[in-house]
Amino acid sequence: MGRISFVFIATVLASGWATAENAVSEASAPSHFNEATVADLQSRMAAGTVTSEQLTKYYLHRILALDQSGPGVNSVIELNPEAIRIAEQMDDLRMHGKVLGPLHGIPVLIKDNIDTGDRMQTSAGSLALVGRPALTDSTVAAKLRAGGAVIIGKTNLSEWANFRSFESISGWSGRGGQTNNPYGINRNPCGSSSGSGAAASANFAVLALGSETDGSIVCPSNANGIVGIKPTVGLTSRAGVVPISHTQDTVGPLARTVADAAAALGVIQSQTSDGRDPATGSVPLGWKGRPRPTNIPTDYTQFLNPKGLQGARLGLTRAGLGGFDPFVPTPQPVLDAFEEAVEALTAAGATVIDLDAAGFTFPSASGESLVLDYDFRNDVKAYFATRVGVPVAGGTLQSAIDFDNAHADVEMPFFNQDVFDEAQSLAPGPDDPQSVFNGMTYNQALEIDRLAGVNGIDAALKQFNLDAVVSATDNPAWATDLVFGDHFIFGTSGLAAPPGYPIVQVPAGMVFGVPLGISFFGTAFSEPTLIKLASGFEAATRIRAKNLPTFAPMTPYNNIQGTTLQKRPHKAAPMAPMPDAEKKTPHHL
């Protein structure tokens, strides 16, 4: 049964919906709700043809059959023992004419760095945070509950949101082990929200929540063939989320369609300050000094448009797509697939302006690493102060370092904690020169990153009168390697991450049997425009609908079989007599 709560297993067995024989059988995995959307399921629940309880049991059964057993996606780190009871409550409310919102009765999964004030752990994948559950819900979890969603469990992640080591392995955590990609179990799910991406793609819930600092929503969405919305920093609250950086962290949805991701964003957004995260009453770094909009939507599905690309002006950049390392260039089939996606943009009615050919250069956000290190040391201490009954409760980053050193056999079997060590080594003041960053100060790094947004995405939008900037998201998923780590060839989330700007990633093609996506970038609070564009691309291409995951044990699987060796029958032939002239004596041998 993997790492699923034994309490929950006992509960579901008693409920009669699963048996020891069928709960873990891959052949018995239910599939009749696969690819069902929020709108589909709401319509069915309203008509009385399905209940939230039935949906919840369906997804729990599928998780047991395919995630914890069968191909072993291993995307779910824990199930909610109260999930069925909550679903029953949502059904009762509906029966009495009360629907709390667009996610009422909809089963969702959330990343295991998002606090839930219930019986589930919030661990960020580390045993240092395992013990007593969080005392209260995070703001986004509370909003899900208030909107009627059924939180059925938590997803595995790259431990500490991939911020412990430079040699880390995406999708691996000390608590949860290695998450795999449903398109090919040998392939990596990418990014710290890897479990959320794999689970949403595998139909283990209707949708999932993840978090991103730089790439951790869009990268798993790219690798797992789904839609990811990385919101403007401050549009969704980080209160009760294990942090990396208050400057860059954001929480967003991962789903199989743009419509489902948009529905979730409308539920978890903070139109006004939630009082627990100052960013929800402010603007991101790139908009420093500007006012927060007063017209933040509460329903993002209103911006869905199947013809959303008609008349759009998009700025295309291929910057970095050739590869980070000149000795490891991006394979030509990947580049070809992206060019096909560009052609699809124009075929759907968009005008595409080649920013690189026009001489536009996106500035480097060279302060990002210092900002993240500095923020993490301070922000994680503040988070530890909210926890009790776990090893690092009330502690500091040094407490986590000490815990890992004391439990290296389970926390550091594959890679170390050099990012933790680097962050801990920084001088304490925001204007202190940091020797590890060539004397740069934290405040100087912040200004560099702010200008990366002002002179990057903002400047491109204005100079070329664009609706959005577009590029490939990341390279397709690589084979997971626990010894040598990740194999990132390129990634574009850094265009938006340092200034805190939004991205919508959508499937765009397939390469070697695994997905490739494109990202639409905009300025702060431009989610309505990005959702319109992404929904138009999705409607025009239908890449996900035509390329569903197969849970193949290995991808690619073609041209790898080699020869088939067979044992040849051996029959000794009678030996003819040797002529006397050819007979040899032993000394001739």
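Small disclaimer: the values here were computed from a predicted structure and weren't measured.

The rules behind each value
Residues numbered from 1 in each chain as written. Predicted model: local features only at pLDDT ≥ 70, side-chain atom pairs only at ≥ 80, totals over all residues. Heavy atoms only, no water. Pairing = 2+ DSSP bridges. Helix = DSSP H or I, 4+ residues; strand = E, 2+ residues; numbered from the N terminus. Right-handed = clockwise from strand over helix to strand, strands pointing away. Disulfide = S-S within 2.5 Å. Phe/Tyr/Trp six-rings, centres within 6.5 Å; stacked < 30°, edge-to-face > 60°. Lys NZ or Arg CZ within 6 Å of the ring centre and 35° of its normal. Salt bridge = Lys/Arg side-chain N within 4 Å of Asp/Glu carboxyl O. Buried < 20%, exposed > 50% of the residue type's maximum accessible area, 1.4 Å probe, protein only. Polar contact = N/O pair within 3.5 Å; in protein donor to acceptor, adjacent residues only side chain to side chain. Core = buried A, V, L, I, M, F, W, Y, C linked by side-chain atoms within 4.5 Å. Contact = heavy atoms within 4.5 Å. Patch = residues over 30% accessible without salt bridge, like charges linked within 9 Å, V, L, I, M, F, W, Y side chains within 5 Å. Areas by Shrake-Rupley, 256 points an atom, 1.4 Å probe, with all protein chains shown as cover. Lys, Arg positive; Asp, Glu negative; His and termini not counted. Axes fitted to C-alpha atoms, helices over the stretch in contact; angles between N-to-C directions. Parallel < 35°, antiparallel > 145°, perpendicular 65-115°, else oblique. Left-handed = near helix turned anticlockwise from the far one by under 90°. Nonpolar A, V, L, I, M, F, W, Y, C, P; charged D, E, K, R; others polar.

Enquirer: Help me out: how do you make sense of the pairing of strand β10 (residues 351-354) in this one?
Expert: Each regular strand displays side chains that alternate between the two surfaces of the sheet. Two elements, strand β9 (residues 313-316) and β10, share four bridges in a ladder whose sense is parallel. Each residue of the ladder has a partner; that of leucine 316, found in β10, is aspartate 354. For the crossover that starts at β9, traverses helix α10 (residues 332-347) and ends in the parallel β10, the hand is right-handed.

Enquirer: Explain the state of the cysteines to me, please; I cannot follow it from the model alone.
Expert: Two cysteines form a disulfide when their sulfur atoms are joined by a covalent bond. Under the criterion given, the structure shown has one disulfide. In this model, cysteine 190 is linked to cysteine 219 through a disulfide, with the two sulfur atoms separated by 1.5 Å. On the sign convention where negative means left-handed, the S-S torsion of about 50° between cysteine 190 and cysteine 219 marks this disulfide as right-handed. With cysteine 190 in the loop between β5 (177-178) and α7 (194-201) and cysteine 219 in helix α8 (residues 218-223), the pair connects residues that are 29 residues apart, well separated along the chain.

Enquirer: What am I meant to see in the packing of aromatic side chains here?
Expert: For any two aromatic rings, the description comes down to two numbers: the centre-to-centre distance and the angle of the planes. According to the stated counting rule, one finds 15 aromatic pairs in the structure shown. One aromatic cluster is present, built from ring pairs that chain together Trp160, Phe163, Phe376, Phe384 and Phe420. Arginine 290 extends its terminal NZ or CZ atom over the ring of tryptophan 287, reaching a point 3.8 Å from the ring centre. When the ring centre of tyrosine 374 is taken as reference, the NZ or CZ atom of arginine 377 above it lies at 5.9 Å.

Enquirer: Just to check I follow, could you spell out the pattern of salt bridges for this structure?
Expert: Close approach of charged atoms allows side chains with opposite charge to pair. Applying the stated rule across the entire model yields 14 salt bridges. The salt bridge involving glutamate 53 is made with lysine 57; its shortest N-O contact spans 2.9 Å. Of this pair, glutamate 53 and lysine 57 are both found in helix α3 (residues 52-67), four residues apart, which corresponds to roughly one turn of the helix. With relative accessibility at 22%, the residue glutamate 53 sits in the partly exposed group.

Enquirer: How do you make sense of the side chain of threonine 492 when you look at a structure like this?
Expert: Along the chain, threonine 492 turns up in the loop between β11 (468-472) and β12 (503-511). On the basis of relative accessibility, which here comes to 4%, the residue threonine 492 falls in the buried class. A polar contact of 2.7 Å, which involves the side chain of threonine 492, links it to the backbone oxygen of alanine 472.

Enquirer: Even after reading the chapter, I still don't get the nonpolar core, so can you show me in this structure?
Expert: Inside soluble globular proteins, nonpolar side chains tend to come together where they are buried. Formed by 113 residues in total, the largest nonpolar core has its most connected members in Leu144, Ile518, Phe520 and Phe537. Contacts of phenylalanine 537, omitting those with residues within four sequence positions, involve Leu309, Ala341, Ala344, Leu345, Val506, Pro507, Ala508, Ile518, Phe520 and Arg542. Grouped together as the second largest cluster of nonpolar side chains are 22 residues, Leu129, Trp160, Tyr383 and Phe384 included.

Enquirer: Can you walk me through the pairing of strand β8 (residues 250-255) in this structure?
Expert: Taken across its six residues, β8 has six buried, putting it largely inside the fold. Of the strand pairs in this sheet, strand β6 (residues 207-212) and β8 are connected by six bridges, and their pairing is antiparallel. By the bridge assignment for β8, serine 211 is matched with valine 251. Where strand β7 (residues 227-230) lies against β8, two bridges are found, and the strand directions are antiparallel. Within β8, the position partnered with glycine 228 by the bridge is leucine 254.

Enquirer: Would you mind showing me how to read a nonpolar patch on the surface here?
Expert: On the surface, Met554, Tyr557 and Ile560 cluster together into a nonpolar patch covering about 340 Å² of accessible area. Mapped onto the secondary structure, methionine 554 falls in the segment after α18 (543-546). Take methionine 554: its relative accessible area is 42%, and that puts it in the partly exposed class.

Enquirer: Just to check I follow, could you spell out the environment of glycine 153 for this structure?
Expert: Mapped onto the elements of the fold, glycine 153 is located in strand β3 (residues 150-155). The buried category is assigned to glycine 153, whose relative accessible area is 0%.

Enquirer: Please explain the side chain of arginine 387 as it appears in this structure.
Expert: Its location among the elements puts arginine 387 in the loop between α11 (368-384) and α12 (397-406). An unpaired buried charge is present at arginine 387: no salt bridge exists, and aspartate 115, the closest side chain of opposite charge, is 4.3 Å distant. Within the structure, arginine 387 has its side chain in polar contact with the side chain of tyrosine 383 (distance 2.8 Å). Sequence-distant contacts of arginine 387, that is, excluding residues within four places in its chain, are made with Asp115, Thr122, Leu129, Arg132, Pro133, Ala134, Ala393 and Gly394.

Enquirer: Can you walk me through unusual backbone geometry in this structure?
Expert: What is expected of a backbone is that most residues other than glycine have negative phi and most peptide bonds are trans. Of note, the amide linkage connecting threonine 555 to proline 556 takes the cis form, showing an omega dihedral of -5°. Turning to its location among the elements, proline 556 is positioned in the segment after α18. Positive phi, close to 65°, is recorded for glutamate 35, a residue that is not glycine. Counting through the fold element by element, glutamate 35 comes out in the loop between α1 (6-15) and α2 (38-47). Owing to a relative accessible area of 25%, glutamate 35 belongs among the partly exposed residues under this scheme.

Enquirer: What am I meant to see in the packing of α11 against helix α15 (residues 442-454) here?
Expert: Packed helices, taken two at a time, are described by the angle between their axes plus the distance between the axes. Following both chains from N to C, one finds α11 and α15 inclined at 130°, their axes separated by 8 Å at the closest point. By the angle between their directions, the pair α11 and α15 is classed as oblique. Pair α11 / α15 crosses with left-handed handedness. Contact residues: Glu368, Leu370, Val371, Tyr374 and Asp375 in α11; Tyr442, Ala445, Leu446 and Asp449 in α15. Classifying every residue of the contact of α11 with α15 by side-chain character gives six nonpolar, no polar and three charged.

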